[in-house]
Amino acid sequence: MDESNIKKMMMSAKCSGCGQRYEIEDIEVLGHHENMWFMSVFCVACRAQYLVTAVVDGEGAPETVTDLSAAEEEKFRDSEGLKVDEVLDMHSFLKKFNGDFSRLFSEEAA
Ligand SMILES: [Zn+2]
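Rules used throughout
Residue numbers run consecutively from 1 along every chain, following the written order of its sequence. In view of the model being predicted, local features appear only for residues whose pLDDT reaches at least 70, and side-chain atom pairs are presented and counted only at 80 or more, with totals across whole chains, interfaces and linings using the full set of residues. Only hydrogens and water are removed before side-chain values are computed, so all heavy atoms of the structure are retained for them. Here a strand is any run of E in DSSP of at least two residues, a helix any run of H or I of at least four, and the numbering for each starts at the N terminus. Exposed residues in this analysis have more than 50% of their type's maximum accessible area, buried residues have under 20%, and partly exposed residues fall in between, with area computed by a 1.4 Å probe over protein chains only. Using a 1.4 Å probe, accessible areas were evaluated by the Shrake-Rupley method; residue-level cover was limited to the displayed protein chains. A pair of strands is treated as paired once DSSP finds two or more bridges between them. We define a nonpolar core as any set of buried Ala, Val, Leu, Ile, Met, Phe, Trp, Tyr and Cys residues linked to one another through side-chain atoms lying within 4.5 Å. Only nitrogen, oxygen and sulfur atoms count as donors, using a 2.8 Å cut-off from the metal that widens to 3.2 Å for Na, K and Ca. Water is left out, so coordination shells may look unfilled. Square planar and octahedral sites, with four and six donors, are those where opposite donors lie more than 155 degrees apart and all other angles lie between 65 and 115, tetrahedral sites have four donors with every angle between 85 and 135 degrees, and the rest are irregular. Note that the arc is computed from the directions linking the helix axis to the C-beta atoms. Neither His nor the chain termini are counted; the positive set is Lys and Arg, and the negative set is Asp and Glu. Salt bridges are defined as contacts in which a side-chain nitrogen from Lys or Arg sits within 4 Å of a carboxyl oxygen from Asp or Glu.

Concerning the overall build of the protein
And step 1. Scanning the protein from terminus to terminus reveals 4 helices and 4 strands.
And step 2. Secondary structure of the protein in N-to-C order comes out as α-β-β-β-β-α-α-α.
And step 3. Burial analysis of the protein (110 residues in total) assigns 35% to the buried set.
And step 4. Roughly 6800 Å² of accessible area belongs to the protein as shown, and the carbon and sulfur atoms make up 48% of that amount.

Let's talk about the pairing of strand β1 (residues 27–33)
And step 1. Bridging between β1 and strand β2 (residues 36–43) involves 6 bridges; their strand directions are antiparallel. Paired with H33 across the two strands is M36, which belongs to β2.
And step 2. From the end of β1 to the start of β2, which pair antiparallel, there are 2 residues, and E34 there has a positive phi angle of about 55°.

Overview of the nonpolar core
And step 1. By size, the foremost hydrophobic cluster in this structure holds 15 residues, and its most contacted members are I6, M10, Y22, I27, W37, M39 and V41.
And step 2. For this core, the secondary structure elements donating two or more residues are α1 (3–10), β1, β2 and β3 (48–55).
And step 3. By residue number, the principal contributor to this core is β2, which donates 4 residues.

A few points about the coordination of the zinc ion
And step 1. Around the zinc ion, the donor atoms from the protein are C15 (SG), C18 (SG), C43 (SG) and C46 (SG), and they sit 2.2 to 2.3 Å away.
And step 2. Coordination at the zinc ion is tetrahedral: its 4 donor atoms span angles of 103 to 121° at the metal.
And step 3. A residue is classified by how much of its surface remains accessible, and C43, at 1% relative accessible area, is buried.

Focus: unusual backbone geometry
And step 1. The residue E34 is not glycine, and still its phi comes out positive at about 55°.
And step 2. Within the secondary structure, E34 sits in the loop between β1 and β2.
And step 3. Even without being glycine, R47 reaches a positive phi, approximately 50°.
And step 4. Mapped onto the fold, R47 is located in the loop between β2 and β3.

Re α1
And step 1. Burial in α1 covers these residues: I6, M9 and M10. For α1, the arc enclosing every buried residue in end-on projection is 100°, short of the 170-degree limit, so these residues lie on one face.

Considering the environment of A54
And step 1. Of note, A54 is situated in strand β3.
And step 2. Residue classification places A54 among the buried positions, given a relative accessible area of 0%.
And step 3. Placed 19 residues apart in sequence, A54 and N35 show a C-alpha to C-alpha distance of 8.1 Å.

Side note on the side chain of D26
And step 1. Of note, D26 is situated in the loop between α1 and β1.
And step 2. In this structure D26 is buried but unpaired, with R47 as the nearest side chain of opposite charge at 8.5 Å.

Below, the structure is given as structure tokens:
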């Protein structure tokens, strides 16, 4: 999985706010940590910026998760294939994470 594949995958995702599909130029890959990819996406329709994470398990299709509301999480819990544990892990990860991606990834490389 590389950046262009991740971007293509994100083009099939829809804005969680309004359902608008993302254009490739609105998707910025911030980096990845093991099989977890971080992106910043901008919705042209509702002019909102979202932090998106995609978990790639190496076998099946990648799962995309965003910083979901509780209601959305309930909805996704019922959908086939979503790894709820990973979503929850992501929440605690993002809660602790201070947003400094460059530090995160440079630590991983060191
Ligand atoms: Zn939108």
